[in-house]
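Okay, here's what each chain looks like letter by letter:
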Amino acid sequence: MPASVNELVDLLDVEQLEVNLFRGGQPENSRLKRVFGGQVAGQAVSAAQRTVTDGKQLHSLHVYFILGGDPSIPIIYDVESVRDGRSFATRRVSARQHGEVIFYMTASFQKDEAGWDHQDVLPPTPGPDEATSMLDLVQFISPDGTEQWQQEWGGFDMRYVGDPRPEDDPSRQLQPVVQRMWFRAAEQLPDDPQLHRAAFTYYSDFSLLGAALVPHGVLISSPKVQPASLDHVVWFHRPFRADEWLLYDQTSPSASGARGLSTARVFKQDGTLVATVAQEGLIRPAKRPEDR
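Residues numbered from 1 in each chain as written. Predicted model: local features only at pLDDT ≥ 70, side-chain atom pairs only at ≥ 80, totals over all residues. Heavy atoms only, no water.

### Side note on the packing of helix 1 (residues 5-12) against helix 5 (residues 193-204)
The cut-off we apply is this: Every axis corresponds to a line fitted to the C-alpha atoms, with the helix fit spanning only the stretch in contact, and the corresponding angles, defined between N-to-C directions, vary from 0 to 180 degrees. Counting from the N terminus, the helices are the DSSP runs of H or I reaching at least four residues and the strands are the DSSP runs of E reaching at least two. Comment on the angle field: the value is read as roughly parallel under 35 degrees, roughly antiparallel over 145, roughly perpendicular from 65 to 115, and oblique elsewhere. What makes two residues a contact is simply this: any of their non-hydrogen atoms within 4.5 Å.
Put simply, helix 1 and helix 5 touch, their axes get as near as 11 Å, and they point 105° apart. Of the possible angle classes, the one that applies to helix 1 and helix 5 is roughly perpendicular. Residue-level inspection shows Leu8, Val9, Leu11 and Leu12 of helix 1 in contact with helix 5, the latter providing Leu195, Ala198, Ala199 and Tyr202.

### Quick word on the side chain of Ser262
How we decide: Remark: exposure states derive from per-residue accessible area (1.4 Å probe, protein chains only) relative to the maximum for the residue type, with buried under 20%, exposed over 50%, and partly exposed in between. Think of a polar contact as two N or O atoms within 3.5 Å of one another; within protein, one of them needs to be a possible hydrogen donor and the other a possible acceptor, and neighboring residues in sequence only count if both atoms come from side chains.
With respect to the secondary-structure elements, Ser262 resides in strand 12 (residues 259-268). Looking at Ser262, the relative accessible area reads 1%, which means it is buried. Here Leu208 takes part through its backbone oxygen, which lies 2.7 Å from a polar atom of the side chain of Ser262. With residues near it in sequence (within four places) discarded, Ser262 still touches Leu208, Ala211, Ala212, Thr251, Ser252, Pro253, Val277, Ala278 and Gln279.

### So, helix 5
Selection criterion: The span you would expect from a helix comes to 1.5 Å times its residue count less one.
Compared with an ideal rise of 1.5 Å per residue, which puts 12 residues at 16 Å, helix 5 spans 16 Å between its outermost C-alpha atoms and is within 8% of the ideal. Counting buried residues along helix 5, 10 of its 12 residues qualify, which places the element largely inside the surrounding structure. Among the residues of helix 5, those classed as buried are Leu195, His196, Arg197, Ala198, Ala199, Phe200, Thr201, Tyr202, Tyr203 and Ser204. Sitting at the head of helix 5, Asp192 places a side-chain oxygen 3.0 Å from the backbone nitrogen of Gln194.

### Focus on the environment of Asp84
Tracing the backbone through its elements, the reader meets Asp84 in strand 4 (residues 75-84). The class of Asp84 is partly exposed, set by a relative accessible area of 49%. Taking the C-alpha atoms as reference, Asp84 lies 34 Å from Val121; in sequence the two are 37 residues apart. Apart from residues lying up to four places away in sequence, Asp84 is in contact with Ala89 and Arg91. A distance of 2.8 Å separates the side chain of Asp84 from the side chain of Arg91, its partner in a polar contact.

### Some points on the UniProt feature "domain: Acyl-CoA thioesterase-like N-terminal HotDog" (unreviewed entry) in the protein
Basically, it comes down to this: UniProt positions are given in the numbering used here, feature names are shortened, and annotations may be inferred rather than shown by experiment.
UniProt's feature table lists "domain: Acyl-CoA thioesterase-like N-terminal HotDog" (unreviewed entry) at residues 34-110, given in the numbering used throughout. A helix fraction of 18% and a strand fraction of 52% characterise residues 34-110, whose end C-alpha atoms lie 33 Å from each other.

### Some words on the environment of Leu32
Note on placement: Leu32 falls in the loop between strand 2 (21-24) and helix 2 (37-50). Remark: the alpha-carbon pair of Leu32 and Ile220, spanning 188 residues in sequence, is separated by 15 Å. Not counting residues within four places of it along the chain, the set of residues in contact with Leu32 comprises Pro71, Glu152 and Trp153.

### Section: the pairing of strand 9 (residues 178-185)
Test applied: The rule for pairing is simple: two strands pair if DSSP sees at least two bridges between them.
Most of strand 9 sits out of view: 7 of its 8 residues are buried. In this structure, strand 8 (residues 156-162) lies alongside strand 9, joined through 6 bridges in antiparallel fashion. Across the sheet, the residue bridging to Arg159 is Trp182, located in strand 9. Across 6 bridges, the pairing between strand 9 and strand 11 (residues 246-256) is antiparallel. Bridging from a neighbouring strand, Val178 pairs with Thr251 of strand 11.

### Digging into unusual backbone geometry
In this model, Asn20 sits at a positive phi of 65°, which is unusual for a non-glycine residue. Of note, Asn20 is situated in the loop between strand 1 (15-18) and strand 2. The phi angle at His98 is positive, at roughly 55°, despite the residue not being glycine. Locating His98 in the fold gives a position in the loop between strand 5 (88-97) and strand 6 (100-110).

### Focus: the packing of helix 2 against helix 5
The test is simple: Helix crossings are classified by the rotation of the near helix relative to the far one: an anticlockwise turn of less than a right angle makes the crossing left-handed, while a clockwise turn makes it right-handed.
Between helix 2 and helix 5, whose axes approach to 7 Å, the crossing angle comes to 160°. In terms of axis orientation, helix 2 runs roughly antiparallel to helix 5. The chirality of how helix 2 crosses helix 5 is right-handed. Of the residues in helix 5, those touching helix 2 at Gly38, Gln39, Ala41, Gly42, Val45, Ser46 and Gln49 are Gln194, Arg197, Ala198, Thr201 and Tyr202.

### Some remarks on the pairing of strand 4
Bridging between strand 2 and strand 4 involves 4 bridges; their strand directions are antiparallel. Bridged to Gly24 within strand 4 is Ile75. Where strand 4 lies against strand 5, 8 bridges are found, and the strand directions are antiparallel. Following the sheet pairing, Glu80 is matched in strand 5 by Arg92. A loop of 3 residues connects strand 4 with strand 5, the two strands running antiparallel in sequence.

Here's what the structure looks like:
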């Protein structure tokens, strides 16, 4: 993840090479060995949105992460215009490096329409000012990791609420896992709804796999686990800004077969439900050296 909002905006501004063909850059000075999955998804969203020019807005995306990306070279995004209808448009995006497909996305766009409206209610949750800064949490867990954290993740302000107890939120008594975080871009973004959707998509891959490990007492950064995003889905429900506080209300209904499934409802501070996210990923227990 970029170290600043300006770098985030630049990273999501994919370069058009030809009709429906785009190139995405890489963050400067990143120490990551693989491209962050949210970066590929965010750049793919930016590329797909550039090909829909009749006012339709992205309302859902379904992706598969196929191979780990190489952070030392650009990523090529090939957008296929599957359908352009009166109400909906569909795009399919393949991302390539070294001549291989590393990622697929199918995205659906819709024109604004009126209709029935209902939503879940914002759960009882401390506000962002009462939550713990992720930088402070990193400093507590690993004091030597704060500089790298700021370099890799400084583009977003994240506040950790934690795993609330059922007595604090009776509606979740039957849920095995609840993990909540507030997040927003660290600085104001330009007034472009497409950029805000791409920035949200970028962030949405950050913590879902970690939620699947909560009941097992293992951090996603632990050497005990081999993690990788496998597939990822986002449904956008209502307008939002990625530079205003959003609550990432995460649950994990299942972990089995070395995979974890997590879902999340995303709320604005005023209680508006703006998106729903789901992800399944690899959470394989890492083999000890003596077991290899």
